[in-house]
Amino acid sequence: MIKPLLILATLVLAGLPMAQAATATYNVTTVWYEPDTRPNDSIFVGTFDYDITTHAITNLQGQLSESMTGNSVGYPNDSMTWLTLGNQLVSWYDAALGGTFAATFKNADTRTFWTGLGGDGWSPEAGIAAGGVYDGFPKAARNPGNAYALIFVPNDPLSPLTQAQLDKLAYADCAPGGMMGAVCMTGTSLAGYGAVGTMSGVPASQVITASVPEAGSLEMAVLGAGIVAWLARRRKTA
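The structure reproduced in this document is the subject of the present report. Predicted model, so just to flag it, every value in this text is computed and none were measured.

It is characteristic of soluble globular proteins that their nonpolar side chains tend to be buried jointly. Counting residues in hydrophobic clusters, the biggest one holds 42 residues, and the most contacted among them are F44, F48, L60 and L150. Every element with two or more residues in this core is listed here: β1 (23–33), β2 (42–51), β3 (56–66), β4 (81–85), β6 (99–105), β7 (147–154), β8 (170–173) and β10 (183–187). In terms of residues, this core owes the most to one element, β7, which gives seven residues. Discounting residues that sit within four places of it in the chain, F48 has contacts with A24, T25, Y26, V28, I57, T58, N59, L60, I151, V153 and I208.

Among all residues except glycine, the phi angle is most often negative; among peptide bonds, the trans geometry is most common. Along the chain, R38 connects to P39 via a cis peptide bond; the corresponding omega equals 10°. The topology assignment puts P39 in the loop between β1 and β2. Along the chain, Y75 connects to P76 via a cis peptide bond; the corresponding omega equals 10°. Structurally, the position occupied by P76 is in the loop between β3 and β4. Positive phi values are uncommon outside glycine, yet N59 reaches one of about 60°. With respect to the helices and strands, N59 occurs in strand β3. A relative accessible area of 45% means that N59 is categorised as partly exposed.

Under the counting rule described, the total for this entry stands at one disulfide. At a sulfur-sulfur separation of 2.1 Å, the disulfide partner of C174 is C184. The sign of the S-S torsion, about 105°, decides the handedness of the disulfide formed by C174 and C184: right-handed. Pair noted here: C174 is in the loop between β8 and β9 (179–180) and C184 is in strand β10, with a separation of 10 residues, a long-range link. A single burial state applies to C174 and to C184, both of which are buried.

Attention now goes to the pattern of salt bridges. Opposite charge on two side chains allows them to pair when their charged atoms are near. Overall, the coordinates contain two salt bridges when judged by the stated rule. A salt bridge links R38 to D41, with the nearest nitrogen and oxygen atoms 2.5 Å apart. On the basis of relative accessibility, which here comes to 42%, the residue R38 falls in the partly exposed class.

Moving on, we come to the packing of aromatic side chains. Using the criterion set out here, one finds 11 aromatic pairs in the structure. For the pair Y26 and F48, a centre-to-centre distance of 5.6 Å together with 20° between the ring planes defines the contact as stacked. Linking Y26 in strand β1 with F48 in strand β2, this pair joins segments that are 22 residues apart in sequence. Of the residues examined, F48 reaches a relative accessible area of 1% and is grouped as buried. With 5.8 Å between their ring centres and 45° between their planes, Y75 and W82 make a pair best called tilted. With a relative accessible area of 22%, W82 lands in the partly exposed category. An aromatic cluster is defined as three or more aromatic residues linked by ring pairs; in this entry it consists of Y26, F48 and Y50. Lying over the aromatic face of Y193, K168 brings its terminal NZ or CZ to 4.1 Å of the ring centre.

Rules and cut-offs
Residues numbered from 1 in each chain as written. Predicted model: local features only at pLDDT ≥ 70, side-chain atom pairs only at ≥ 80, totals over all residues. Heavy atoms only, no water. Core = buried A, V, L, I, M, F, W, Y, C linked by side-chain atoms within 4.5 Å. Buried < 20%, exposed > 50% of the residue type's maximum accessible area, 1.4 Å probe, protein only. Helix = DSSP H or I, 4+ residues; strand = E, 2+ residues; numbered from the N terminus. Contact = heavy atoms within 4.5 Å. Disulfide = S-S within 2.5 Å. Salt bridge = Lys/Arg side-chain N within 4 Å of Asp/Glu carboxyl O. Phe/Tyr/Trp six-rings, centres within 6.5 Å; stacked < 30°, edge-to-face > 60°. Lys NZ or Arg CZ within 6 Å of the ring centre and 35° of its normal.

Read these as layout, nothing more, since geometry by itself doesn't imply function.
Next up, the structure:
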């Protein structure tokens, strides 16, 4: 009995595949390069839960910097205003790109851009069609002051984004610190959407890390250590 357990412990500690929890929590940092507000950029720092089986993203939330605010020090020692984005309202799987999009918003609804020319009122395409003009235009008092960050998570969430995936990241900021008259700050790419952001902001990078050891890895380590400890006790009493 002891020899099979020793073999099992060796396999577990070696990290051979074991049953893993499907959902894990990840950290994400997404940066849109802002040439007109350097050294400040538009940055989203957040967390999300990801189901490796269904590719579903849930609980995406975090903070988005307003690069027109603050001093000239730059992140992470900046004094920019940071907006809380705590409402994941949109998500979909893109088989062609091999991953899942998700957007989290400042407000509890997606109303962001002017819809006088049609459109869904929030997507990067809608923002470009509206020229970045806020929802409720022309009355500034009707601007809901919404903001969002749109991220992309590959099927393997820890793998780096391809250029095609990176090109589809986007943000919008229609809160007071993101307004230029009637126009909201946005970040989009020419390759991904046919236009750069309203202040020439473009997606520059995205880094995803596991916020804690993935559940399967942690369980394997605990199981392996437990078996080894049990075997050691058995040998002492033998």
